[in-house]
Amino acid sequence: MKFFLPDSQDLVDPSFDFELERRSMTRQRQRDDLYAHEVFSTPAFDGLLVSKGIVDGFGVLGSRYTLSQRRRLQRDGAPRFFRLDNASYPLEIMGDCGAFTYVDEEEPPYSVDEVLAFYESCRFHYGVSLDHVILEFDPAADAPGAEEDVIPPAIRARQQLTLERAREFLRKHKAGGHCFKPLGVAQGWSPKSYAAAVKALQKMGYDYIALGGMVPLKTQEIRLCLEEIQAVRKPGTRLHLLGVTRPEHLQEFSRLGIASFDSTSPLRQAFKDARDNYYLDGHKYTAIRIPQIEGNPDLQKKIFAGQVSQERARQLERECLESMRLFDQGRRTVRQTLEVLLEYERLYDPDAKQKRNDHAAAYEQTLENAPWRRCACEVCGKLKHHVILFRGAERNRRRGFHNIWTLYRQMHERGLGEGSPFQEETGARARRAKARAHG
Amino acid sequence: MPKELKLPAVEVRQSKGRTLYSFAVDGKLVHRFATISRVSRREGQLHGYQRPEALAHIEEIRNYLESPSPMVPNAVILAFDSRVRFKPAETKPPSKEVYSRPGTIIIPMEEQPDEDKPGFIVDGQQRLAAIRDAAIDSFPICVTAFITDDIGQQAEQFMLVNSTKPLSKALLYELLPQTRAQLPSSLSRRRLPAQLMVRLNQDERSPLKEMIQTATHPTGIIKDNSILKMLEHSLIDGALYEVRKRGNTEDGLEPMMELLRNYWTAVSQVFKEAWGKPPKKSRLMHGAGIISMGLIMDDASALLMETARPPTVQQYAAALQPLEKLCHWTSGTWDFGNGRTRKWNELQNTPKDIDLLARYLTDQYRSLVKDRPQKLRRVAQR
């Protein structure tokens, strides 16, 4: 099974100094920054997923790219733009339309020709046909004798449109002599409707099919769909799960024909999730929040109003950082560290305790386990305790990179990955990590 | 530590009842005898007048202070209460024509809580915070002080010093090229683009000579900001980045200038009608036109530089030629596809319109030129 990481211009600045919290004055965004595959010497994913919606931006969702970056992506092609050559292992790039960016539109804002031109100019390895997401999910529509109108015509029309565009896409792909591998998209509102879409796509000639619109579904619902699809899936047909990770169920998904999936959740959880920020050994830990005063609007407002002393806030912020440093050197106990952290939390989030939202128990577990000391990835090796600090994009994103690496490793340890990229150096790395944890 | 700080100072009588003191003190000491009067409201009453420290701004000043030979010429302004005294060097009263006299200023330095300190920082809190935080032993700073027990007078001076108008961006950009010192990051990022812009506006052979509107050249027709944006795009993602990366000898700017001269000369030739007119009469000389054509410069250069570097005027002109009939810089209507059209003079200098035009032109460029590279390469090899 292959794991694709969706691109959202997630990079880290190698010049960032974690002690002084400064970066090089001459650093140029993206050019000098590093992608996850440039940070790790062992694989953390098999490829990138680049969406037209993310690159172009649509409606209120602005582009993640500057005008000139967009030009360069299309001029140089994605492999060069993303510097795939810097990865010590081969990576592939899949393109899709990013249908969620235009989900509110009646029709997709792009033509098949535009999409083909985009994939071609970006020199992707795979291109997903133009689709329109269906957000309704209602298995009742599959019940024998169910009324036609369980699913409104507008929803059925979206599936129809997706299939028509897929047909046009494949025809023009062939006629245009494009080099990338085409994928058709199946959209549906129930297990049977997904299966029908897959059947239709196979008939058109697709042998690699992406399943769209499954992001909001429960695992059980996804399973039902996959089982229904399994009944019509030809032996040579591979499936791609768009935007879904369920690490616990990958084994089962694999058996049901999922050859690849993509997900940003290991990255996002590092700084979006309330609790599960850091993955290791099947556990999820809460990162230690030490917000920057200037990055915390609520606190900033109170300081402006003169209700909180800026000096006091700065002092506590510094003490927290210092405490974590000393903790990692073994010069502070869990209890001592916790005390300072919670004192700062009471200042920036005074209601946390009342809302039962304080982090006392979660931090205690994180500190007791100090998981970063056991991790063998480059991020943890280099950052040490900084990787567990929930503070600023440079730390948070690196923690996200670590999570990606961890997920990928889990996949391979369960025998789900393709090839076994870890065998050679796993031993040496584990020994080094062990030495670090003890020393 | 002595309980009093005695420093050489000059007393200046400025107007009736208003006396100033000027002296130098180690900036690291100031927080020991002066505090910041933070604004807040207690039981409805307003206290203090200062806002909180702007940490990012302090960080910029701090970086500068830690650079090899920093200088902070402007004085910070302190207000003292009457516990601070001035002792003139001579006891003889000064004559009428003399408005200043030397002496010593004496500042109490006892350890005390903030609210009991004899001084308030009226202006310069960010500078003083940066000196306090900087990894340096000391940094003498000029102080202008007045003595008053009246908080209203302090607030009044605070408002006066902080309501000045910031320098115009145009003037800053014009001053930028001659600076060498470490500047705030927002400015230092613009230094190289500003250097190129000044040369484009001045060099004898530049097709844009005296066409760019700057502080000292108000009659130019192209806005400085449009040129700067075009240059920044290329320096980060385009042809100028490639030229710069290759490294160059003595004059680092010259290879970049040569490319810019050749390309914009070609633009002036291919779009003869639209060139050199004010933006009201030609959208080519307008932000949207300059920025879009800048992106075409990057596309065209990438293709041409495979064989020639830098490309010649003729090569660029050949690359631009197919676009000529599609452009409506001075009349007619643009057709951007999907039902989106703009009359030539409805194209605005907004991100949306710039984006629309840039996409259209670069896509057209791709389909008309890039997809027939063989022909272009032949031109390049000539």
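Provided above is the structure to which this section pertains.
Residues numbered from 1 in each chain as written. Chains lettered and ligands numbered in written order. Predicted model: local features only at pLDDT ≥ 70, side-chain atom pairs only at ≥ 80, totals over all residues. Heavy atoms only, no water.

K.L.:
Explain the overall build of chain B to me, please; I cannot follow it from the model alone.
P.N.:
Looking only at helices and strands, one finds 14 helices and 14 strands in chain B. Computed over the C-alpha atoms, the radius of gyration of chain B is 29 Å, more than 25% above the 21 Å expected from 2.2 N^0.38 for a compact globule of 382 residues. Buried residues in chain B amount to 47% of all 382 residues. Contacts in chain B between residues far apart in sequence, at least 24 positions, make up 69% of those at least 6 positions apart. (Helix = DSSP H or I, 4+ residues; strand = E, 2+ residues; numbered from the N terminus. Rg over C-alpha atoms; globule rule 2.2 N^0.38 Å. Buried < 20%, exposed > 50% of the residue type's maximum accessible area, 1.4 Å probe, protein only. Contact = heavy atoms within 4.5 Å.)

K.L.:
I'm lost on a nonpolar patch on the surface in this one. Help?
P.N.:
Taken together, Phe100, Leu135 and Val215 of chain A make up a surface patch of nonpolar side chains, about 250 Å² in accessible area. Relative to the assigned elements, Val215 of chain A resides in the loop between β6 (208-211) and α8 (219-232). (Patch = residues over 30% accessible without salt bridge, like charges linked within 9 Å, V, L, I, M, F, W, Y side chains within 5 Å. Areas by Shrake-Rupley, 256 points an atom, 1.4 Å probe, with all protein chains shown as cover. Salt bridge = Lys/Arg side-chain N within 4 Å of Asp/Glu carboxyl O.)

K.L.:
I'm lost on the interface of chain A and chain B in this one. Help?
P.N.:
Contacts between chain A and chain B engage 28 residues on the former and 42 residues on the latter. Regarding the contact of chain A and chain B, the summed buried area is about 2800 Å², with carbon and sulfur atoms giving 41% of it. One can count 8 salt bridges joining chain A with chain B. Put simply, Arg314 of chain A and Asp133 of chain B hold a salt bridge, and the shortest N to O gap is 3.2 Å. Contributing elements (two or more residues each) for the side of chain A that touches chain B: α3 (67-76), α5 (112-122), α11 (297-304) and α12 (310-328) of chain A. (Buried area = accessible area lost by both parts, 1.4 Å probe.)

K.L.:
What's the story with α3 of chain A in this structure? I'm lost.
P.N.:
Note: α-helices contain 3.6 residues per turn, so residues at a spacing of three or four share the same orientation. Residues and elements named next belong to chain A. The element α3 is largely enclosed, with a buried count of 10 among its 10 residues. Those residues of α3 that fall on the buried side of the exposure criterion are Leu67, Ser68, Gln69, Arg70, Arg71, Arg72, Leu73, Gln74, Arg75 and Asp76. Of the residues flanking the end of α3, it is Gly77, one or two places downstream, whose phi is positive at about 85 degrees.

K.L.:
Could you clarify how one ought to interpret the environment of Arg190 of chain B in this entry?
P.N.:
All names here are of chain B. By the secondary structure assignment, Arg190 is in the loop between α6 (185-188) and α7 (191-202). Residue class for Arg190 comes out buried when judged on its relative accessible area of 13%. C-alpha separation for the pair Arg190 and Glu232, spaced 42 residues apart in sequence, amounts to 7.9 Å. Sequence-distant contacts of Arg190, that is, excluding residues within four places in its chain, are made with Tyr173, Leu176, Asn225, Leu228, Lys229 and Glu232. Only 3.2 Å separates the side chain of Arg190 from the side chain of Asn225, close enough to count as a polar contact. (Polar contact = N/O pair within 3.5 Å; in protein donor to acceptor, adjacent residues only side chain to side chain.)

K.L.:
Before we go on, may I ask you to explain helix α2 (residues 55-65) of chain B in this structure?
P.N.:
Those residues of α2 of chain B that sit buried are Leu55, Ile58, Ile61, Arg62, Asn63 and Leu65 of chain B. Against the buried residues of α2 of chain B lie α12 of chain A together with α3 (125-133) of chain B.

K.L.:
Help me understand the pairing of strand β9 (residues 119-123) of chain B, please; the structure alone is not making it clear to me.
P.N.:
Side-chain direction in a regular strand flips from residue to residue, so the side chains alternate between the two faces of the sheet. Residue and element names in this part refer to chain B. Burial analysis of β9 places 4 of its 5 residues in the buried class, which makes it a mostly covered element. Pairing analysis gives 2 bridges linking strand β3 (residues 34-35) to β9, with the strands arranged parallel. Bridged to Thr35 within β9 is Phe120. (Pairing = 2+ DSSP bridges.)

K.L.:
Help me understand the environment of Pro350 of chain A, please; the structure alone is not making it clear to me.
P.N.:
Residues and elements named next belong to chain A. Structurally, Pro350 is set in the loop between α13 (334-348) and α14 (360-369). Residue Pro350 is classed as partly exposed on the basis of its relative accessible area of 42%. Apart from residues no more than four positions distant in its own chain, Pro350 is found in contact with Lys302 and Glu345.

K.L.:
Explanation requested: the packing of α3 of chain A against helix α11 (residues 287-304) of chain B in the structure shown.
P.N.:
The axes of two packed helices give the description: the angle between them and the distance between them. It is the contact of α3 of chain A with α11 of chain B, at a shortest axis distance of 11 Å, that shows an interaxial angle of 25 degrees. Between α3 of chain A and α11 of chain B, the angle falls in the class roughly parallel. In this structure, α3 of chain A crosses over α11 of chain B, and the sense of that crossing is right-handed. Packed against α3 of chain A, whose contacting residues are Leu67, Ser68, Arg71 and Arg75 of chain A, the element α11 of chain B presents Ile291, Leu295, Asp298, Asp299 and Ala302 of chain B at the interface. (Axes fitted to C-alpha atoms, helices over the stretch in contact; angles between N-to-C directions. Parallel < 35°, antiparallel > 145°, perpendicular 65-115°, else oblique. Left-handed = near helix turned anticlockwise from the far one by under 90°.)

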